[in-house]
Amino acid sequence: MISLVRKLGTVVCAALLMTSACKDKDGNKNAKPKVTDPTKVGTGSSTGAGTGEPVKQPEPVKAKTQDELAAWYKACWQAWSIKAWDTFAECYAEHATSESAGTPKTTGRAAIIASAKETAKPWPDLSGELQLVLVNGHHILGIALLRGTHTAPFKLPDLVIPPSNKKFGYLFAHLVEVDDKGQVVKEWGFADTGTLMGQLGVNPEPHRPAMAEGWADKPTILARNDATEKANLALFASGVEAFNKHENKALVAMSADDLVWSELAMPKDLDKKAMARNLDTMWKGFSDAKLTPAVSFSGGDYVVAVSTLAGTNDGVMKEMHLDKSGKKMAVTALELQQYKDGKLAKGWLFYDGGQLAMQLGLGAAPAGDKKAQPGKGDSKSEAPRPPANP
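Rules used throughout
- Residues numbered from 1 in each chain as written.
- Predicted model: local features only at pLDDT ≥ 70, side-chain atom pairs only at ≥ 80, totals over all residues.
- Heavy atoms only, no water.
- Core = buried A, V, L, I, M, F, W, Y, C linked by side-chain atoms within 4.5 Å.
- Buried < 20%, exposed > 50% of the residue type's maximum accessible area, 1.4 Å probe, protein only.
- Helix = DSSP H or I, 4+ residues; strand = E, 2+ residues; numbered from the N terminus.
- Contact = heavy atoms within 4.5 Å.
- Pairing = 2+ DSSP bridges.
- pLDDT = per-residue confidence, 0-100.
- Arc of directions from axis to C-beta.
- Lys, Arg positive; Asp, Glu negative; His and termini not counted.
- Salt bridge = Lys/Arg side-chain N within 4 Å of Asp/Glu carboxyl O.
- Disulfide = S-S within 2.5 Å.
- Axes fitted to C-alpha atoms, helices over the stretch in contact; angles between N-to-C directions.
- Phe/Tyr/Trp six-rings, centres within 6.5 Å; stacked < 30°, edge-to-face > 60°.

K.L.:
It is not clear to me how the nonpolar core should be interpreted in this structure. Could you clarify?
P.N.:
Considering soluble globular proteins, one finds that nonpolar side chains tend to be buried as a cluster. By size, the foremost hydrophobic cluster in this structure holds 39 residues, and its most contacted members are Trp 72, Tyr 73, Trp 77, Trp 80, Phe 88, Tyr 92 and Ile 140. The element contributing the most residues to this core is helix H2 (residues 66-81), with eight residues. The contacts of Ile 140, once residues within four sequence positions are left out, are Leu 69, Trp 72, Tyr 73, Val 133, Leu 134, Val 135, His 174, Leu 175, Val 176 and Val 178. Core analysis: the second largest hydrophobic core is formed by 30 residues, Val 240, Phe 243, Ala 305 and Met 329 among them.

K.L.:
Explanation requested: the pairing of strand E12 (residues 302-312) in the structure shown.
P.N.:
Successive residues of a regular strand alternate their side chains across the two faces of the sheet. Of all eleven residues making up E12, nine are buried, and the element is well covered by its neighbours. Of the pairings in the sheet, the one linking strand E11 (residues 290-299) to E12 comprises nine bridges and is antiparallel in character. Note that in E12 the partner of Leu 291 across the bridge is Leu 309. Between E11 and the antiparallel strand that follows it, E12, lie two residues; Gly 300 among them carries a positive phi value of about 60°. In this structure, E12 lies alongside strand E15 (residues 328-340), joined through eleven bridges in antiparallel fashion. Among the inter-strand pairings, Ser 307 is bridged to a residue of E15, identified as Ala 333.

K.L.:
Looking at this structure, how should I read the environment of Glu 213?
P.N.:
With respect to the element layout, Glu 213 can be found in the loop between helix H5 (193-199) and strand E9 (220-222). Sequence separation of Glu 213 and Glu 129 is 84 residues, and the distance between their C-alpha atoms is 9.8 Å. Apart from residues no more than four positions distant in its own chain, Glu 213 is found in contact with Leu 145 and Arg 147.

K.L.:
Hey, could you run me through the confidence of the model for the protein chain in this one?
P.N.:
A low pLDDT means the predicted coordinates there should not be read in detail. On average, the protein chain scores 84 in pLDDT, and the residues at 70 or more come to 78%. Confidence drops under pLDDT 50 across residues 1-27; counting only partners more than four residues distant or on other chains, this segment forms 27 contacts. For residues 375-388, every residue scores under 50 in pLDDT, and the model assigns this stretch 46 contacts once sequence neighbours within four places are set aside.

K.L.:
I'm lost on the pairing of E15 in this one. Help?
P.N.:
With seven bridges joining them, E15 and strand E16 (residues 343-350) adopt antiparallel strand pairing. When the bridges of E16 are listed, Lys 340 appears paired with Lys 343.

K.L.:
Looking at this structure, I do not really get helix H4 (residues 109-119). What am I missing?
P.N.:
What sets the pattern is the α-helix's 3.6 residues per turn: residues three or four places apart point alike. Within H4, the full set of buried residues consists of Ile 112, Ile 113, Ala 116 and Thr 119. The arc enclosing the buried residues of H4, seen along the axis, measures out at 135°, which places them on a common side.

K.L.:
Sorry, what's going on with unusual backbone geometry here?
P.N.:
Even without a glycine there, the phi angle at His 321 is positive, about 60°. As for its position among the elements, His 321 is in the loop between strand E13 (316-317) and strand E14 (322-323). You will see that Lys 324, though not glycine, has its phi angle at about 50°, which is positive. The residue Lys 324 is located in the loop between E14 and E15 in this model. Lys 324 gets classed as exposed once you look at its relative accessible area, which sits at 56%.

K.L.:
In this structure, what is going on with the side chain of Glu 335? I would like to understand it.
P.N.:
In this fold, Glu 335 is placed in strand E15. The buried charged residue Glu 335 lacks any salt bridge, with Arg 208 as its nearest oppositely charged partner at 13 Å. In contact with Glu 335, not counting residues within four places along its chain, are Phe 236, Trp 261, Leu 291, Val 303, Val 304, Ala 305, Ser 307, Trp 348 and Leu 349.

K.L.:
What's the story with the state of the cysteines in this structure? I'm lost.
P.N.:
Cysteine pairs can be covalently joined through their sulfur atoms, and such a bond is termed a disulfide. For the structure shown, the criterion picks out one disulfide. Here Cys 76 is linked by a disulfide to Cys 91, with a sulfur-sulfur distance of 2.0 Å. Judged by the torsion about the S-S bond (-105°), the Cys 76/Cys 91 disulfide is left-handed. Of this pair, Cys 76 sits in helix H2 while Cys 91 is found in the loop between helix H3 (85-89) and strand E1 (92-100), placing the two residues 15 residues apart along the sequence.

K.L.:
Would you take a moment to explain the sheet that holds E11 for this structure?
P.N.:
In a beta sheet, neighbouring strands pair by backbone hydrogen bonds and run either parallel or antiparallel. Ordered by their spatial adjacency, five strands build an open sheet running E10-E16-E15-E12-E11, and the pairing between neighbours is mixed. Two strands bound the open sheet, and with one partner strand each, they are strand E10 (255-263) and E11. With strand direction ignored, the average angle separating the axes of adjacent strands in the sheet is 20°. Helix H6 (residues 227-244) contacts E11, E12 and E15 of the sheet and is inclined by roughly 170° relative to E11. Seen against the sheet, helix H8 (residues 272-285) touches E10 and E12 and runs at an angle of roughly 60° to E10.

K.L.:
How should I be thinking about the packing of aromatic side chains in this particular structure?
P.N.:
Aromatic ring pairs are reported here in terms of the distance separating the ring centres and the angle at which the planes meet. By the definition in use, this model includes eight aromatic pairs. Note on Trp 85 and Phe 88: the rings are 6.1 Å apart at their centroids and 65° apart in plane angle, and the pair reads as edge-to-face. Here Trp 85 pairs with Phe 88, and both are found in helix H3, just three residues apart, close to one helical turn. For the pair Phe 168 and Tyr 170, a centre-to-centre distance of 6.1 Å together with 35° between the ring planes defines the contact as tilted. Taken as a pair, Phe 168 and Tyr 170 share a single burial class, namely buried. Taken together, the aromatic side chains of Trp 123, Phe 154, Phe 168 and Tyr 170 make up a single cluster linked through ring pairs.

The structure is reproduced here in structure tokens:
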């Protein structure tokens, strides 16, 4: 407080100099104000005398290395899996935000932890096994295999799914931005809820079966910002440009002959020819389809991007029962692409097919208080959000 008063007095005196009305302690006009060294502000006393001892400045926060961030991130997932909520809470900054497609943003550490506890209730054995971790500066991507057993009611605002006792397992993409303290300030979760509903026996549409085992190789990639990573980012940017121009031949030329494309909302992976056919079909149904990346970065052989796919259904898509409906789509998706020898070798695309279906009028939100019977559900009902955003 004393230092604040002194600084205020200095400012006032400096202002009064403009009118030649500032005097020193002996009454002399135009006295120059004394400048206080902020590092030697004393503790003071009732007489205003200070000790003259330097004030200890807080030490700057030392940012975690990428190795440290990778280890910390894995520990946070472990805490989430074993429901160590107090430990898990420390992974988040106080005012962190959490987002999943089709759900409202959750703001604040306390709200995020409360949501995690609530969403874990229908599957007490829910766990996440990291298949890949990629660290680039303040961004971390995790691909996790979420597994569990549906042993308790799954409660939604207008829908209750009774226990099916079925096991589920599906891939979940988790992207976080951390601060220098190594705490999450923003996180995004990406998964297909139709896949989860199918594995629970509620969605009869084709879907991926429950994954019991994860990937054989579970890499941890630390970005180097070298020539290879820059070249891969440039390849990704060229792919986005070709996509937006609807140049299928260019995209095919950028892909390896043994390409494996995993679109998690689809029941199976695609090879190079199937992916090309899939793109042609989409462009016929959405002549203005456009991909707009918001975040993109690389690490090793991989490129990560969060993009929005937008367009208007002005054509026929028999596969999706669309016929020039005029409805618009805008879906946020996460892409993970792996390049080898200058070609796209593998790709994973995470988005919520349920959200897309709702936008295109292919699904109706559930009305009233009803129960969905496993195996007898309406595939057009609104799919729930993934079990958690770890």
